[in-house]
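Structural description and commentary
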Amino acid sequence: MKTRLAFSLALASLWHRRRVLALVCLTLTLSVSLLLGIQYLRTEIRQSFTSTISGTDLIVGARSGQLNLLLYTVFHIGDATNNIRWSTFRKLQEDPRIDWLIPISLGDSYRGYRVVATDSNFPEHFRYGQEQPVSLAEGEWFSDVFHVVLGAGVARELGHQPGEEIILSHGGGRTSFSNHEDTPFRITGILEATGTPVDQAVYISLAGMEAMHVGWESGVAIPGRTLTPEKAQGMDFTPDAITAAYVGLKSPVLTFQLQRALNQSAEEPLSAILPGVALSELWRLMGQFEKALLGITGFVVITSLVGLVAVLLTLQTQRAHEIAVLRATGASTGLVASLHVIECVALALVSCLLALAVGAALLTGIAPWLLDNYGINLALRPLNPTEWALLATVPAAAALVGLLPAFSTWRRTRSQGLGEISGQ
Amino acid sequence: MTSTTETRLSRARNGEFALEARDLGFRWATSQPMLRFPDLTIPRGEHLFLQGASGSGKSTLLSLLSGMQVPESGSVSILGSELQRLGPGPRDRFRADHIGVIFQQFNLVPYLSALANVTLPCRLSRVRLGQTRPDPDSAAKELLGLLAIPEDHWHRKVTRLSIGQQQRIAAARALMGSPGIILADEPTSALDADNRDRFLDLLLGLAKERGTSVVFVSHDRSLSRHFHHQVHLGGKS
């Protein structure tokens, strides 16, 4: 068959009908952009989600389900069922298999953001993403009882600077009416944006957590018994309990051994979870939703392709004359039919290219805004094989649907006489 | 394909007939009565005028002569090749190689320029390309010049040209690559008298130069004086 002729005729024909086809092409471009965009975001969000925490081998907390433990320690969602005794934590510190421990104490909030009490092991050992450490954008890590370090999101949202003093609230919730008024905390540093829940919390020392709760034993502040920063100097604020701890092991081989030991601990009911496993379980739960979304987008693309075929079938009537001319000049039925398939695929390819351009432009445009406002880090990257495959299904599907008008043309022209124009 | 067509072609060159049709009969559907056609014989380079009223089966005859349809009985030989012995694909190729066609109207591919329409046969057929001297573009420009299409129209969209110009461009396309025979189906019926005579003179003159036979179908008997042979098709039979 005259392949080159078929291609040049098909392209000339597309160009000739560009006004009618531009709309179809636009529809297809938008739907392909949507499909590609959702797949791209899916990959990116999954990537950033599963790398919310890395380098931590185990998370230890009071006995509960692994999702619950993961949600309240890492994502600051929900509440702890119970605490771990300080003595248990001390024993863990002496365990020879454990390299480092980050204690976490939760319960309070600052204008809706969680207050996380921890120690200097947090900046030293906590890792997210590709083993990236948490570093300070401004100022320094807390060194005093009434020092606080803000996550990037908190500082950005509330416009705080190092040196300012803030009042933390008792308990969770956005509007808490019981505030630790007597014990203001001074901001000493602000963390770099990480695109993880780390950005949405404020960090104080374990001692600070204890100090601001002196006089709050009954749940509300008893006047006269609370501390002031002056009175707190020199006092010992060793906590009785903490909420959870991140554990780093000397050797990852020991992970399951220690996990089993902790889960069966005779001293206190504990749960030790593998953050990676818990994260993928959580993702599997949420993954159903994004799969459904991708499926819907797939249908949008199919709808656009059906629209494309509808337009091509309508155009067929207009094309009866030119097909008669081509046939009379000696073009085979196959050549005439192949024009439809080529045109369909060419349109799909143009739409895919446009969709890539639209996607890249959009991503470049909104990436800084997303990072600034939502702490989501979306980088422009080359497509991965899955995305290329998904993109390739569009022209492949176009070729398939193009067979429809192609076959109808082929069947019709086969039995036509010279110069015969049978429209339908 | 070329070797077999070439031997047929050389045999036809030696033989004297551009077209021979014998005992042609055809029906579009088995339920319809058989259409019968008179025998036709055209020596190479001579022209035939087929006169018949509408409904006399002119279009059907042209479909048979061009190999778009196969007769139910009888045979069509063009340049010595019996068309019904060829399969559908080879018949298409044979048409591309040896037959030029001009319709009553809508002769051109709307999205190609005048020039691209004229060179189309050379892109569909190696035989026509081989018979085009010096190259398709120059030959097409020469033909368009001879057929009085102004140079600034050559690259123009054909849909903007007048009917007369479109018909002349169609004639140029049919003449490209000097096919053995041109089938013209009422090509002048959309033209006024002046244009009609000029068109006929140009077509027959250029065909003669190239040794191409023309089968000209028209209901207009007054045109028959331009032709060597005349055949009258009866009414509905």
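The structure contained in this document is the topic of the report that follows. (Residues numbered from 1 in each chain as written. Chains lettered and ligands numbered in written order. Predicted model: local features only at pLDDT ≥ 70, side-chain atom pairs only at ≥ 80, totals over all residues. Heavy atoms only, no water.)

1. Remarks on the nonpolar core
- Counting 52 residues, the largest nonpolar core has A:Leu326, B:Leu19, B:Leu40, B:Leu50, B:Leu65, B:Ile78 and B:Val215 as the members making the most contacts within it.
- Of the residues forming this core, the biggest block, 5 residues, is contributed by helix 1 (residues 3–16) of chain A.
- Those residues in contact with B:Ile78 that lie beyond four places of it in its chain are B:Ala18, B:Leu19, B:Leu65, B:Leu83, B:Phe94, B:Ile99 and B:Ile181.
- In terms of nonpolar packing, the next biggest core, distinct from the first, is built from 41 residues, A:Ala245, A:Leu249, A:Leu270 and A:Ala272 among them. (Core = buried A, V, L, I, M, F, W, Y, C linked by side-chain atoms within 4.5 Å. Buried < 20%, exposed > 50% of the residue type's maximum accessible area, 1.4 Å probe, protein only. Helix = DSSP H or I, 4+ residues; strand = E, 2+ residues; numbered from the N terminus. Contact = heavy atoms within 4.5 Å.)

2. Here we look at the sheet that holds strand 14 (residues 244–249) of chain A
Residues and elements named next belong to chain A.
- Spatially, 4 strands are ordered 3-14-1-15 in an open sheet, and the strand pairing comes out antiparallel. Each of the sheet's edge strands pairs with one partner strand only, and the pair in question is strand 3 (98–104) and strand 15 (270–273). Averaged over neighbouring strand pairs, the angle between their axes works out to 25° when direction is ignored.
- Strand direction decides the pairing type here: strand 1 (residues 58–62) and strand 14, joined by 4 bridges, are antiparallel. Of the residues in strand 14, the one forming a bridge with isoleucine 59 is tyrosine 246.
- Sitting on the sheet, helix 3 (residues 66–73) is in contact with strand 1, strand 14 and strand 15, with an inclination near 100° to strand 1.
- Helix-sheet contacts for helix 4 (residues 86–94) involve strand 3, strand 14 and strand 15, and the interaxial angle to strand 3 is about 155°. (Pairing = 2+ DSSP bridges. Axes fitted to C-alpha atoms, helices over the stretch in contact; angles between N-to-C directions.)

3. Some thoughts on the environment of B:Ser56
Residues and elements named next belong to chain B.
- As for its position among the elements, serine 56 is in the loop between strand 4 (48–51) and helix 2 (58–65).
- Looking at serine 56, the relative accessible area reads 7%, which means it is buried.
- The sequence separation of serine 56 and arginine 221 amounts to 165 residues, and the corresponding C-alpha distance is 14 Å.

4. Topic: the sheet that holds strand 4 of chain B
All names here are of chain B.
- Reading across from one edge, 7-8-9-4-10 is the order of the 5 strands in this open sheet, with parallel pairing throughout. Edge strands, defined here as strands with exactly one partner in the open sheet, are strand 7 (99–102) and strand 10 (229–232). Pairwise comparison of adjacent strand axes, ignoring direction, gives a mean angle of 15° for this sheet.
- Here 4 bridges tie strand 4 to strand 9 (residues 213–218), and the two strands are oriented parallel to one another. If you follow glutamine 51 over to strand 9, its bridge partner there is serine 218.

5. Overview of unusual backbone geometry
- Residue B:Pro134 is reached from B:Arg133 by a cis peptide bond, and omega for that bond is -5°.
- As for its position among the elements, B:Pro134 is in the loop between helix 5 (126–130) and helix 6 (136–146).
- A positive phi angle, near 55°, is found at A:Glu131, a position not held by glycine.
- In this fold, A:Glu131 is placed in the loop between strand 6 (127–128) and strand 7 (132–133).

6. With respect to helix 1 of chain A
- Here helix 1 of chain A spans 20 Å end to end across 14 residues, near enough to the 20 Å set by a 1.5 Å rise per residue.
- Burial in helix 1 of chain A covers these residues: A:Leu5, A:Ala6, A:Leu9, A:Ala10, A:Ala12, A:Ser13 and A:Leu14. (Expected span 1.5 Å × (residues − 1).)

7. Observations regarding empty space enclosed by the protein
Residue and element names in this part refer to chain A.
- Applying the stated criterion to the full structure yields 5 cavities of 30 Å³ or more.
- Thr52, Thr73, Val74, His76, Ile104, Val116, Phe122, Phe126, Val198, Tyr203 and Tyr246 together form the lining of the second largest cavity.
- Residues belonging to the lining of the second largest cavity are distributed by class as follows: 8 nonpolar, 3 polar and no charged. (1 Å grid on protein atoms, 1.4 Å probe; cavity = no way out; pocket = protein on both sides within 12 Å on 5 of 7 lines; lining within 4 Å. Points joined across faces, edges and corners; volume = space filled by probe spheres on them. Nonpolar A, V, L, I, M, F, W, Y, C, P; charged D, E, K, R; others polar.)

8. Some details on the pattern of salt bridges
- The full count for this structure, using the stated rule, is 19 salt bridges over all chains.
- For A:Glu44, the salt bridge goes to A:Arg381, with nearest N and O atoms at 2.7 Å. Taken together, the positions of A:Glu44 in helix 2 (residues 18–50) and A:Arg381 in the loop between helix 12 (333–374) and helix 13 (385–414) put the pair 337 residues apart, joining distant regions of the chain.
- Across the pair B:Arg196 and B:Asp220 runs a salt bridge whose closest N-O atoms are separated by 3.5 Å. Of this pair, B:Arg196 sits in helix 8 (residues 193–210) while B:Asp220 sits in the loop between strand 9 and strand 10, and the two are 24 residues apart along the sequence.
- Here the residues in one salt-bridge network are A:Arg17, A:Arg319, A:Glu322 and A:Glu343, joined through shared partners. (Salt bridge = Lys/Arg side-chain N within 4 Å of Asp/Glu carboxyl O.)

9. Some words on the interface of chain A and chain B
- At the interface, 29 residues of chain A touch 26 residues of chain B.
- Taken together, both faces of the contact between chain A and chain B bury some 2,400 Å²; the carbon and sulfur share is 65%.
- Across the contact surface, chain A and chain B share 1 salt bridge.
- One salt bridge in this structure joins B:Asp92 and A:Arg327, with 3.1 Å as the shortest N-O distance. (Buried area = accessible area lost by both parts, 1.4 Å probe.)

10. Looking at the packing of helix 4 (residues 114–124) of chain B against helix 7 (residues 163–175) of chain B
Residue and element names in this part refer to chain B.
- Here helix 4 crosses helix 7 at 30°, and the two axes come no closer than 7 Å. Relative to helix 7, the element helix 4 lies roughly parallel. Crossing handedness for the pair helix 4 and helix 7: right-handed. Judged by residue contacts, Ala114, Asn117, Val118, Leu120 and Pro121 of helix 4 engage Ile169, Ala172 and Arg173 from helix 7.
- Residue composition of the contact of helix 4 with helix 7, by class: 6 nonpolar, 1 polar and 1 charged. (Parallel < 35°, antiparallel > 145°, perpendicular 65-115°, else oblique. Left-handed = near helix turned anticlockwise from the far one by under 90°.)

11. Describing helix 6 of chain B
Residue and element names in this part refer to chain B.
- Among the residues of helix 6, Ala139, Ala140, Leu143 and Leu144 are the ones counted as buried. All buried residues of helix 6 lie within an arc of 135° about the axis, which places them on one face of the element.
- Residues of helix 6 that are buried in the fold lie against helix 4, helix 7 and helix 8.
- Alanine 148 occupies a position one or two residues after helix 6 and carries a positive phi of about 60°. (Arc of directions from axis to C-beta.)

12. A closer look at the packing of aromatic side chains
- According to the stated counting rule, one finds 13 aromatic pairs over all chains in the structure shown.
- Ring plane angle 35° and centroid distance 5.0 Å describe the contact between A:Trp86 and A:Phe89, whose orientation is recorded as tilted. Taken as a pair, A:Trp86 and A:Phe89 lie in helix 4 at a separation of 3 residues, close to a single helical turn. Across the pair, exposure class does not vary: A:Trp86 and A:Phe89 are buried alike.
- For the ring pair B:Phe26 and B:Trp28, a centre distance of 5.0 Å and an interplane angle of 85° mean the geometry is edge-to-face. (Phe/Tyr/Trp six-rings, centres within 6.5 Å; stacked < 30°, edge-to-face > 60°.)

13. Quick word on the side chain of B:Ser66
- With respect to the helices and strands, the residue B:Ser66 is situated in the loop between helix 2 and strand 5 (73–78).
- Excluding residues that lie within four positions of it along the chain, B:Ser66 makes contacts with A:Leu418, B:Leu83, B:Arg95, B:Ile99 and B:Leu183.

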